[in-house]
Amino acid sequence: MQRETKKPRMLAEQSDIGKLMSTAQTNSGDNASLSHQDMANAIRALSMDAVQAAKSGHPGMPLGMADVATVLFQDHLTFDASNPQWPNRDRFILSAGHGSMLLYSLLYLTGFPDMTIEQIKNFRQLGSKTAGHPEYGHAPGIETTTGPLGQGIANSVGMALAERMLNAQFGDDLIDYHTYCIAGDGCLMEGISHEAISLAGHLKLGKLIVLFDDNSISIDGSTDLSVSDDQALRFKASGWNTIKIDGHDPQQISKALSQAKADSSKPWLIACKTVIGYGAPTRAGTAKAHGEPFGAEEIAGTREKLGWPYKPFEIPTPILEAWRQVGAKGTASAKQWDQKLEQADPKAKQALTLNAAKARAPAIKEAITQAKAAFARDEKERATRVWSQMTIEHLVPVVPELIGGSADLSGSNGTKTKHHKAVTPSDFSGNYIHYGVREHAMAAAMNGIALSGLIPYGATFLVFTDYCRPAIRLSALMRQQVIYVMTHDSIGLGEDGPTHQPVEHLAALRAIPNLNVLRPGDPIETAECWQIALNSHETPSILVLTRQAVPLMREENETSNKSQLGAYVLHEPGKRDLTLLATGSEVGLAMSAAKTLESDGIAAAVVSMPSMELFRAQSSDHQNEVLGDVPRIGIEAAVEQGWREWLRPTDRFIGMSGFGASAPAAQLFEQFGITIDNVAKTARELVKAS
């Protein structure tokens, strides 16, 4: 049964916008004479003109949400366009990133640095700051990269959570801002939105306000083709406050925002009923408005309908001046905040103005040095997930910005320590987040937390990086310092079987640019990999950790970080006959195989390769020195893909070629030939053939 929807009235039919614009031209010095429509139509005009010039883009959403955005920026959003990084600014996230021209228009109109009219004209062109979807780092005012639907709303949850945690630490005088997110039907259809809104509702993130662009249109047509959810009831069931409004009525929009800001007991959904492509004579309210240029004739009709007689990309001076005043309305507040910060505790000044990990680098180095020294004295074999937990014990006291968490696997992942306190709906002073079984939302929320100046790490099993992958990719694209702790990294997890045994995941993760995949082989390497992750300020890291115990292989107490090289010679017999390359738990196997081969008169060097990415960054001379000009065997309990970068055609790989099985770990390594005997046998064959 098709649901009945109320179509909002068109503002162009309520008043003579042409007369209003004429008045604006006549009274060029009197911004008070400008109407809401003048301001909103500036967004609409820039959006449709930019999409038309690019011959590509999504004009419908910016035209439909221009009224909401205008009210939000003009009357409610706290920001200073001249100081985009002001820590206590409100955050505005466009989760419906395809409507990027809405954001770019707002940034230009309000006077954000670098967002010039030329950037608007070069929408979607090579080298422009106005990419097809908003990209963090391209221009000030773009708070996060969005486009993959649902990511933005989950980022917003992370940002709102970070605000509450920072507020608990520094108080209302320094941290007290709202997070606003515009989300569309597509965002709310994506599974990640269910995880994110559930987490936000549970934590009662009352300073999070989601503005739902409820236009009832998707690419295929009416949303009734595929969805009949009552979104307001859905959010309410997850513990949100909800309200439905006409998204083209400025008074309703402002009243709803005021109500949401006044009641921070729960997060808010404001469902804004809108017309996609508002003002377009034939495409408004249709799927044709969504994702393609209107064309010259439709644009001319839209201009007439809206009463906007100006040339493409032309914004009348009084309208632009009025928008620039909006951009400057937070300047005084930002300066007052700076004064408060100057009088604040030095710890607050450091935390709110400096990159956290860079500021803590000396303390991090000392903590890792102490951890390595303790591990070198420890005779007990433990899983690298346990060595990781013991490393975290050293780090948390010296890196207060380090925020831990797990997707309901804290004990298995080893991510919670005696130094942790859980974040709860009534107490945000903790430093550990229980994300529940919400891996995707955890990863995306951590992006939002990192964008807020903290250093998040979150954990699950390596096989479930499949659930996290879209957010991991965005961590890499945005160059955010997010740390993913992924345990149970191979068939070594044993009896849980092939559904939980990752075989292709290392290769899949290594394929993502700007992502450090770190698979340590012993306690010393585990500590070093944590140091790498904390020193990688513009690169996310994945710590790939075992369930099964591993032996200590580097007993010397040293301060240098060999793992930072990506690969290094762990055992050098002298003149080599062979090089064994291994990662993680297979490094110990390689060391044992080298000893077996030694009795056969074969000199096998062992190279530990905790990070292919870091090794790739080394000079070719260093790589050749480590690998050696001798036969090589790569050993990893995973598929071969990616290994041929380090192995020549005549070299061999010992690992997995299919899925695992359910059995004790020792039996599985035997079953799949990842054994000391098989490595030794393969080595003898290679040396003989050479």
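The structure displayed is predicted, hence computed values, not measured ones.

Procedures and definitions
Residues numbered from 1 in each chain as written. Predicted model: local features only at pLDDT ≥ 70, side-chain atom pairs only at ≥ 80, totals over all residues. Heavy atoms only, no water. Helix = DSSP H or I, 4+ residues; strand = E, 2+ residues; numbered from the N terminus. Rg over C-alpha atoms; globule rule 2.2 N^0.38 Å. Buried < 20%, exposed > 50% of the residue type's maximum accessible area, 1.4 Å probe, protein only. Salt bridge = Lys/Arg side-chain N within 4 Å of Asp/Glu carboxyl O. Contact = heavy atoms within 4.5 Å. Phe/Tyr/Trp six-rings, centres within 6.5 Å; stacked < 30°, edge-to-face > 60°. Pairing = 2+ DSSP bridges. Axes fitted to C-alpha atoms, helices over the stretch in contact; angles between N-to-C directions. Expected span 1.5 Å × (residues − 1). pLDDT = per-residue confidence, 0-100. Disulfide = S-S within 2.5 Å. Right-handed = clockwise from strand over helix to strand, strands pointing away. Polar contact = N/O pair within 3.5 Å; in protein donor to acceptor, adjacent residues only side chain to side chain.

**Q** Help me understand the overall build of the protein in this model?
**A** In terms of helices and strands, the protein carries 28 helices and 20 strands. The globule rule puts the C-alpha radius of gyration for 690 residues at 26 Å, and the 28 Å found for the protein is close to it. Dimensions of the protein, computed from C-alpha atoms along their principal axes, come out at roughly 95 × 55 × 50 Å. With 690 residues in all, the protein has 62% of them scored as buried.

**Q** What is the right way to look at the pattern of salt bridges in this model?
**A** Opposite charge on two side chains permits them to pair, given that their charged atoms come into close proximity. Following the criterion strictly, the structure yields 29 salt bridges and no others. Among the salt bridges present, the one from aspartate 214 reaches lysine 273, with a minimum N-O distance of 3.4 Å. Taken together, the residues aspartate 214 in strand 3 (residues 208-214) and lysine 273 in strand 7 (residues 268-273) connect sequence positions 59 residues apart. In this structure, aspartate 489 and arginine 519 form a salt bridge, with 2.9 Å as the shortest nitrogen-oxygen distance. One end of the pair, aspartate 489, is in the loop between strand 12 (483-487) and helix 22 (505-510); the other, arginine 519, is in the loop between strand 13 (516-518) and helix 23 (523-535), and 30 residues separate them in sequence. A residue is classified by how much of its surface remains accessible, and aspartate 489, at 2% relative accessible area, is buried.

**Q** I would appreciate a short explanation of the environment of alanine 260 in the present structure.
**A** Mapping alanine 260 onto the fold places it in helix 11 (residues 250-262). C-alpha separation for the pair alanine 260 and valine 210, spaced 50 residues apart in sequence, amounts to 9.9 Å. Discounting residues that sit within four places of it in the chain, alanine 260 has contacts with Ile209, Trp268 and Ile270.

**Q** Is there a simple way to explain the packing of aromatic side chains in this structure?
**A** The description of two aromatic rings rests on the distance between their centres and on the angle between their planes. Applying the stated criterion across every chain yields a total of twelve aromatic pairs. Seen from their ring centres, tyrosine 457 and tryptophan 530 are 5.4 Å apart, and the 85° between their planes marks the pair as edge-to-face. A residue pair is termed long-range when its members are at least 10 positions apart, and tyrosine 457 in strand 11 (residues 455-461) and tryptophan 530 in helix 23 qualify at 73 residues. Taken individually, tyrosine 457 and tryptophan 530 each receive the classification buried, so the pair is uniform in this respect. Pairing tryptophan 643 with phenylalanine 653 gives two aromatic rings, centres 5.7 Å apart and planes at 45°, and the pair type is tilted. You can see tryptophan 643 sitting in the loop between strand 19 (632-635) and strand 20 (652-654) and its partner phenylalanine 653 sitting in strand 20, a full ten residues away along the chain.

**Q** Even after reading the chapter, I still don't get the sheet that holds strand 14 (residues 541-544), so can you show me in this structure?
**A** Within a beta sheet, neighbouring strands are joined by backbone hydrogen bonds and run either parallel or antiparallel to one another. The sheet built from six strands is open, its strands ordered 10-9-11-12-14-13 with parallel pairing. At either margin of the open sheet sits one strand with a lone partner, and together these are strand 10 (432-434) and strand 13. Strand-to-strand twist in this sheet, taken as the mean axis angle between neighbours without regard to direction, amounts to 20°. Inspection of the sheet shows strand 9 (residues 402-406) paired to strand 11 by three bridges, in the parallel sense. Bridged to serine 406 within strand 11 is alanine 459. On the sheet, helix 20 (residues 439-451) packs against strand 9, strand 10, strand 11 and strand 12 and is oriented at approximately 170° with respect to strand 11.

**Q** For this particular structure, what's the right way to read the sheet that holds strand 2 (residues 179-184)?
**A** Read from one edge to the other, the open sheet built from five strands follows the order 1-2-3-7-6, with strand pairing classed as parallel. Every other strand in the sheet has two partners, leaving strand 1 (91-94) and strand 6 (241-246) as the edge strands with one partner each. Going from strand to strand, the sheet's axes swing by 20° on average, the running direction of each strand aside. In this structure, strand 3 lies alongside strand 7, joined through six bridges in parallel fashion. Across the sheet, residue leucine 211 finds its bridge partner in strand 7, namely isoleucine 270.

**Q** I keep staring at helix 7 (residues 151-170) and nothing clicks. Help me out?
**A** At 3.6 residues per turn, the α-helix brings residues three or four places apart onto the same side. The end-to-end C-alpha distance of helix 7, which contains 20 residues, comes to 28 Å, matching closely the 28 Å that a straight helix rising 1.5 Å per residue would cover. Counted residue by residue, helix 7 has 18 buried out of 20 residues, so it is predominantly covered.

**Q** How should the confidence of the model for the protein be read in this particular structure?
**A** Low pLDDT marks regions whose predicted coordinates should not be analysed in detail. For the protein, mean pLDDT is 94; residues scoring 70 or higher make up 95% of the total. With pLDDT under 50 throughout, residues 1-31 is counted as low confidence; its partners more than four residues away or in other chains account for 59 contacts.

**Q** What am I meant to see in the state of the cysteines here?
**A** Simply put, disulfide is the name for a covalent bond between the sulfur atoms of two cysteines. Under the defined criterion, the tally for this structure stands at zero disulfides. Free cysteine cysteine 181: the closest other cysteine sulfur is in cysteine 187, separated by 6.7 Å. You can call cysteine 181 buried: its relative accessible area is 0%.

**Q** What exactly am I supposed to notice about the environment of methionine 101 here?
**A** Checked against the element boundaries, methionine 101 lands in helix 5 (residues 100-110). With 32 residues separating them along the chain, methionine 101 and histidine 133 place their C-alpha atoms 8.6 Å apart. With residues up to four places along the chain from it excluded, the contact list for methionine 101 reads Leu46, Ser47, Ala50, Val51, Pro62, Ile120 and Phe123.

**Q** Even after reading the chapter, I still don't get the pairing of strand 12, so can you show me in this structure?
**A** Residues in a regular strand point their side chains to alternate faces of the sheet. With five of five residues buried, strand 12 is to be regarded as a mostly interior element. In this structure, strand 11 lies alongside strand 12, joined through five bridges in parallel fashion. From the neighbouring strand, tyrosine 457 faces strand 12, where its bridge partner is isoleucine 483. In this fold, strand 11 hands off to helix 21 (residues 465-478), which returns the chain to strand 12; that crossover is right-handed. Of the strand pairs in this sheet, strand 12 and strand 14 are connected by four bridges, and their pairing is parallel. Each bridged residue has a counterpart across the sheet, and for valine 485 the counterpart in strand 14 is leucine 543.

**Q** Just to check I follow, could you spell out the side chain of threonine 130 for this structure?
**A** Here threonine 130 shows up in the loop between helix 6 (117-121) and helix 7. Its relative accessible area of 0% is what places threonine 130 among the buried residues. In this structure the side chain of threonine 130 is engaged in a polar contact, spanning 2.7 Å, whose partner is the backbone oxygen of glutamine 119. If sequence neighbours within four positions are ignored, threonine 130 has contacts with Tyr104, Met115, Gln119, Ile120, Asn122, Phe123 and Arg124.

**Q** Even after reading the chapter, I still don't get the pairing of strand 18 (residues 604-608), so can you show me in this structure?
**A** The buried fraction of strand 18 is high, at five of five residues. Burial along strand 18 is two-sided: the face carrying Ala604, Val606 and Ser608 and the face carrying Ala605 and Val607 are both buried. Direction of pairing for strand 17 (residues 578-582) relative to strand 18: parallel, over a ladder of five bridges. What sits directly across from leucine 581, in strand 18, is valine 607. A crossover connection joins strand 17 to the parallel strand 18 through helix 24 (residues 586-598); in handedness this β-α-β unit is right-handed.

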